[in-house]
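Here is how the chains run, residue by residue.
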There are 2 protein chains.
Amino acid sequence: MIQFSEQERDAIYKVIFSRRDVREGFLPKPIPEDVLTRILEAAHHAGSVGFMQPWNFIVIDNVLIKQRVKSIFLEENKQASQNYDGERKKLYESLKLEGILEAPINVAITCEHKRGGNHVLGRNTIPETDLFSTCCAIQNLWLAARSEGIGAGWVSIIDPEKVKKRLGIPDSVSLVAYLCLGYVKEFAAQPLLETIGWRSRLPLHDVIFRNEWKQS
Amino acid sequence: MIQFSEQERDAIYKVIFSRRDVREGFLPKPIPEDVLTRILEAAHHAGSVGFMQPWNFIVIDNVLIKQRVKSIFLEENKQASQNYDGERKKLYESLKLEGILEAPINVAITCEHKRGGNHVLGRNTIPETDLFSTCCAIQNLWLAARSEGIGAGWVSIIDPEKVKKRLGIPDSVSLVAYLCLGYVKEFAAQPLLETIGWRSRLPLHDVIFRNEWKQS
């Protein structure tokens with residue numbers, strides 16, 4: 001049976017704790033094909049409900065496509081800033097929330113709901129399990145990239161339908177994530193929103209209950 | 001900057017490739033509290049949209065609660081088997097799809113949609129990003145557990161509303177996953193559904209496109 005030494009286990013916790021959502025500081029250094037393949041293979045080895053492997057990875061390096069996605073972001077971000085007032089709004093507008101153009105590679109990650117037929121084993125009561133499986137693949141990608149010194153940033157402020165249209169993604173397929181990938185100058189010691197005081201990390205014991213909701 | 005040696009990187013790919021969805025072979029050996037805490041801390045260090053950390057982990061070791069969840073599974077699984085006919089149905093019914101009672105610990109993982117207020121940074125256009133963040137936490141948990149020699153199995157054949165009621169989870173909170181955790185005799189070399197010929201692993205190049213859907 002494959003086991004893990006203490007050193008190996010430490011490496012796994014190290015990558016989990018040092019992973020960051022990266023929006024700035026991407027270096028122009030290209031990501032070698034073999035490295036990118038390793039990272040995507042890691043993603044492809046996530047578990048999936050009924051082994052349906054519903055994901056696709058659209059690797060984007062075309063500048064024109066990136067520019068179109070960036071304009072979709074800009075439009076959405078302008079709207080998003082309207083949710084805040086005063087100091088909070090100023091702070092929001094000062095934040096760099098994506099690295100679409102600077103990151104050498106963007107990856108759109110999709111979920112094809114009909115892959116594996118109408119009756120996917122284990123996906124009866126909870127149809128969203130295919131989306132959940134896709135997110136597990138994304139986390140694998142994120143961790144593998146971090147271990148390669150590559151930062152990944154999830155751009156959530158976009159209209160997925162507009163991006164789907166730009167990338168030719170069919171209606172029946174969901175865009176789950178749009179990531180920016182690239183080598184970086186540095187990984188921050190803590191999440192940006194923690195550093196700037198937007199929100200604090202919750203104490204671990206606050207998110208753990210015993211046997212029932214709100215029992216500890 | 002925190003970097004990874006080749007050995008550390010290998011350990012990260014090793015855990016990604018050797019992680020399995022475990023439904024049988026759980027050992028009664030208890031999971032020490034410090035190990036469980038490490039695993040949940042790994043989960044808690046996933047990224048989350050707007051740093052909202054929407055997750056909770058309900059650690060279940062009460063046999064009565066496990067039995068109730070098991071009966072919810074049995075009910076659903078009976079219905080699920082009706083989706084298949086003939087040999088496929090026989091094969092389906094022969095599969096062990098959960099280890100609720102055998103696993104010393106079950107963990108229900110939830111997502112509280114209102115955590116962080118009405119306007120969560122980065123969650124404008126895609127409200128489901130809080131669920132996606134929770135799934136990233138689950139993948140962290142799964143990998144950390146694997147590195148500790150602990151198997152995890154995601155029970156997807158349950159009615160989440162019934163389980164929520166049993167666990168006292170409020171209507172406004174989603175149950176994202178119900179996991180069984182325990183030390184195991186062994187981890188299978190490949191996913192069960194691959195071994196029994198239910199479905200094959202897709203070739204990696206089939207799930208990667210370039211710049212547009214279905215372009216490679």
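The following refers to the structure shown. (Residues numbered from 1 in each chain as written. Chains lettered and ligands numbered in written order. Predicted model: local features only at pLDDT ≥ 70, side-chain atom pairs only at ≥ 80, totals over all residues.)

Take the environment of Gly168 of chain A next. In this fold, Gly168 of chain A is placed in the loop between helix 6 (160–167) and strand 4 (173–183). Sequence-wise, Gly168 of chain A and Leu193 of chain A are 25 residues apart; in three dimensions their C-alpha atoms are separated by 33 Å. Residues within four places of Gly168 of chain A in sequence aside, it is in contact with Glu212 and Trp213 of chain B. (Helix = DSSP H or I, 4+ residues; strand = E, 2+ residues; numbered from the N terminus. Contact = placed C-beta atoms within 7 Å.)

A few words on the packing of helix 5 (residues 129–147) of chain A against helix 5 (residues 129–147) of chain B. Two elements in contact, helix 5 of chain A and helix 5 of chain B, have axes separated by 8 Å at closest approach and are oriented at 60°. Accordingly, the angle class assigned to the pair helix 5 of chain A and helix 5 of chain B is oblique. Two packed elements cross with a definite hand, and for helix 5 of chain A against helix 5 of chain B that hand is right-handed. Contacts between helix 5 of chain A and helix 5 of chain B involve Phe132, Cys135, Cys136, Ile138, Gln139 and Asn140 of chain A from the former and Phe132, Cys135, Cys136, Ile138, Gln139 and Asn140 of chain B from the latter. (Axes fitted to C-alpha atoms, helices over the stretch in contact; angles between N-to-C directions. Parallel < 35°, antiparallel > 145°, perpendicular 65-115°, else oblique. Left-handed = near helix turned anticlockwise from the far one by under 90°.)

This brings us to the pairing of strand 1 (residues 55–60) of chain A. With respect to burial, strand 1 of chain A is a largely interior element, six of its six residues being buried. Side-chain alternation along strand 1 of chain A places Trp55, Phe57 and Val59 of chain A on one buried face and Asn56, Ile58 and Ile60 of chain A on a second face that is also buried. Summarising the sheet, strand 1 of chain A and strand 2 (residues 105–112) of chain A pair through six bridges and their orientation is antiparallel. Across the sheet, the residue bridging to Trp55 of chain A is Cys111 of chain A, located in strand 2 of chain A. Looking at chain direction, strand 1 of chain A and strand 5 (residues 208–210) of chain B are connected through three bridges and run parallel. Residue pairing for strand 5 of chain B: Ile58 of chain A is matched across the bridge by Phe209 of chain B. (Buried ≥ 20, exposed ≤ 12 C-beta atoms within 10 Å, placed from the backbone. Pairing = 2+ DSSP bridges.)

Contact residues are listed per partner, giving 87 residues for chain A and 87 residues for chain B. Those elements that place two or more of their residues in the side of chain A that touches chain B are helix 1 (6–18), helix 2 (33–44), strand 1, helix 3 (63–81), helix 5, helix 6, helix 7 (192–195) and strand 5 (208–210) of chain A. Across the side of chain A that touches chain B, the residue classes break down as 48 nonpolar, 24 polar and 15 charged. (Nonpolar A, V, L, I, M, F, W, Y, C, P; charged D, E, K, R; others polar.)

As summarised here, the arrangement of the five strands in space is 5(A)-1(B)-2(B)-4(B)-3(B), forming an open sheet in which the pairing is mixed. Both edges of this open sheet fall to strand 5 of chain A together with strand 3 (150–154) of chain B, since each of them pairs with a single strand only. Shown here is a sheet whose adjacent strand axes are inclined to one another by a mean of 25°, direction ignored. The strands touched by helix 6 (residues 160–167) of chain B are strand 1 (55–60), strand 2 (105–112) and strand 4 (173–183) of chain B; relative to strand 4 of chain B, the strand with the most contacts, the crossing angle is about 80°.

This part takes up the sheet that holds strand 1 of chain A. The mixed open sheet is built from five strands, whose spatial order is 3(A)-4(A)-2(A)-1(A)-5(B). The open sheet is flanked by strand 3 (150–154) of chain A together with strand 5 of chain B, the only strands paired with a single partner. Between one strand axis and the next, the sheet turns by 25° as a mean value, whatever way the strands run. Note: strand 3 of chain A against strand 4 of chain A, five bridges, orientation antiparallel. The residue bridging Trp154 of chain A from the neighbouring strand is Leu179 of chain A, located in strand 4 of chain A. Relative to strand 4 of chain A, helix 6 of chain A is tilted by about 80°, and along the sheet it contacts strand 1, strand 2 and strand 4 of chain A.

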